[in-house]
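Examination of the molecular architecture
If you want the building blocks of each chain, they are given just below.
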Amino acid sequence: MRSPPEDFWTTTLALTAPASLVLVVFAVAHQVSWLWAIVAIAATGLCTGWLVRRHLERLAQHAARLEALAKGDPPNALATSQEEGPTSPLAEAVAKLERAMPERAQPMASEAALESIVDALPYAILQLDSDERIVRANTAARALFGSDLEDKPLVAYLRDPSTLDAVAEALSGRHPEATEARLAGSVERALRVRVVPLPRPLGTAPAALVAIADVTAVQQAERMRRDFVANVSHELRTPLATLTGFIETLQGPARDDAEARKRFLGIMDAQTQRMTRIVKDLLSLSKIEELEHSPPASYADIGKTLQTTLDSLALAAKAKNTALDVHIADIMPPVRGDSDQLAQVFQNLVDNAIKYGRSGGTVRVRAAVAARLPAGFAPRAEAYVEITVADDGEGIPREHLPRLTERFYRVDAGRSRDMGGTGLGLAIVKHIVNRHRGALDIASEIGKGTIFSVYLPIAPAAAQNARATGT
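My aim in this report is to walk through the structure given alongside it, one point at a time. None of the values given here were measured: they were computed from a predicted structure.

On to the packing of aromatic side chains, then. What the rule picks out here adds up to three aromatic pairs. When the ring of Phe246 is compared with that of Phe264, the centres are 4.7 Å apart and the planes differ by 15 degrees; the resulting orientation is stacked. Of this pair, Phe246 sits in helix H6 (residues 216-251) while Phe264 sits in helix H7 (residues 258-291), and the two are 18 residues apart along the sequence. Residue Phe246 is classed as buried on the basis of its relative accessible area, which comes to 16%. Between the aromatic rings of Phe377 and Tyr384, the centroid separation amounts to 5.6 Å while the plane-to-plane angle is 80 degrees, which identifies the pairing as edge-to-face.

Given below as structure tokens:
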């Protein structure tokens, strides 16, 4: 907008020029005197200038009010629309706009608040137009499908036929049932999809809202629960069936057979001990899982705990003619941990190494400040200790390594049961290490053996000393 002085002179000259030109013509034609013409032109210019300045000032005020409204500033309570003259319709229009602004701002604020709420939802929300193209997407949807979603067809991201049928139903005004879908990727995801039609004002095209919940973790937990119940039932059913059969035999045909009774009682005792070990490990695992979310508050001496555990396994190693090659660093910083649980970790790992290692072989145990951490592990502390237990057994095929810490998972189920294993030892190890905010790494090579490495965070003050001394 040009400055008021320039507007004033331009407008005044434009309005007075026609009358002034007529007076000049009359003066040249000697119809009026030049003095009268000059006085009339001056008077006309002064009156016109006064009126122009007055209206320009009012226009400037209205412009300022409109600019304030455009910026979102609150309306001027002192502004009035009681004007007369050419600018009065404009004043009235500006006053109406100021009165309407609070009413218009409230729906806009509500819409912004609603968008913020939708963005905060953990579910992916997509708004579709009548062509099944994405109009809007919240933060969860962008995390699930990607950032550039607007104006893309839904079928580019979800190709599940039941979901697309549900979208078509919703766009036709019906309320379809929720559907299940799968999202392909490096890790397949299970999705539960709900589609609803959006309210359709008169004359507008149909639209739909798609709400998507990622139920992958829920389904995995349910599958693990079913597998766990099935495994427990299987593990307990065999010894129970054995005990039942022997009891019936001892009560019947072998009632007076002392030799059979002695042999059967030995087998029954072994089966009872097997069930006892399973129940004991299940209770231990349940207790560990209950505490897994809260790290230990006490401190543990790794060197002392490890050495005590090795001393308790010396007889088992001697019985299999296995040598224990142990090297514990002279200075082992303490870790924040539960000594009893860490002893259980070392007990399970070393006992497994003795059982599955080569007869007459060597089990190597090392403990020191870790020089490296396993790939993919996000450290939570400044420094870690590393405890490795390596055997020289047959080794484990690579495809079995990721599943070794699952409950009841065995590479060779028959051999494991014959050796008294419950299939829960490594699951217990994993959960204890998780509770200590550490890491478990497993490496194996066929024909050369297996190495289990446990990484535990050093206590904060000890971590600084370890880094300073280089131990």
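Because the α-helix completes a turn every 3.6 residues, residues three or four places apart line up on one side. Looking at helix H8 (residues 302-312), one finds that the buried residues are Ile302, Gly303, Thr305, Leu306, Thr309 and Leu310. Across the axial projection of H8, the buried residues extend over an arc of 165 degrees, all falling on one side. Exposed residues pointing more than 90 degrees away from the buried face of H8 are listed as Lys304 and Asp311. Two to three positions downstream of the cap, the backbone nitrogen of Gly303 sits 3.2 Å from a side-chain oxygen, assigning the N-cap of H8 to Asp301.

On to the environment of Val210, then. Residue placement: Val210 occurs in strand S5 (residues 208-214). Taking relative accessible area as the criterion, Val210 reaches 0% and is therefore assigned buried. Along the primary structure Val210 and Leu128 are separated by 82 residues, whereas in three dimensions their C-alpha atoms are 7.6 Å apart. Look past the residues within four positions of Val210 in its chain and what remains in contact with it is Ala124, Ile125, Leu126, Leu128, Val167, Val193, Arg194 and Val195.

Because side chains alternate across strand S3 (residues 179-183), one face comprises the buried residues Thr179, Ala181 and Leu183, and the other comprises Glu180 and Arg182, none of which is buried. Where S3 and strand S4 (residues 189-197) come together, five bridges link them in antiparallel fashion. When the sheet's bridge partners are listed, Leu183 is paired in S4 with Arg189.

Scoring rules and cut-offs
Residues numbered from 1 in each chain as written. Predicted model: local features only at pLDDT ≥ 70, side-chain atom pairs only at ≥ 80, totals over all residues. Heavy atoms only, no water. Phe/Tyr/Trp six-rings, centres within 6.5 Å; stacked < 30°, edge-to-face > 60°. Helix = DSSP H or I, 4+ residues; strand = E, 2+ residues; numbered from the N terminus. Buried < 20%, exposed > 50% of the residue type's maximum accessible area, 1.4 Å probe, protein only. Arc of directions from axis to C-beta. Polar contact = N/O pair within 3.5 Å; in protein donor to acceptor, adjacent residues only side chain to side chain. Contact = heavy atoms within 4.5 Å. Pairing = 2+ DSSP bridges.

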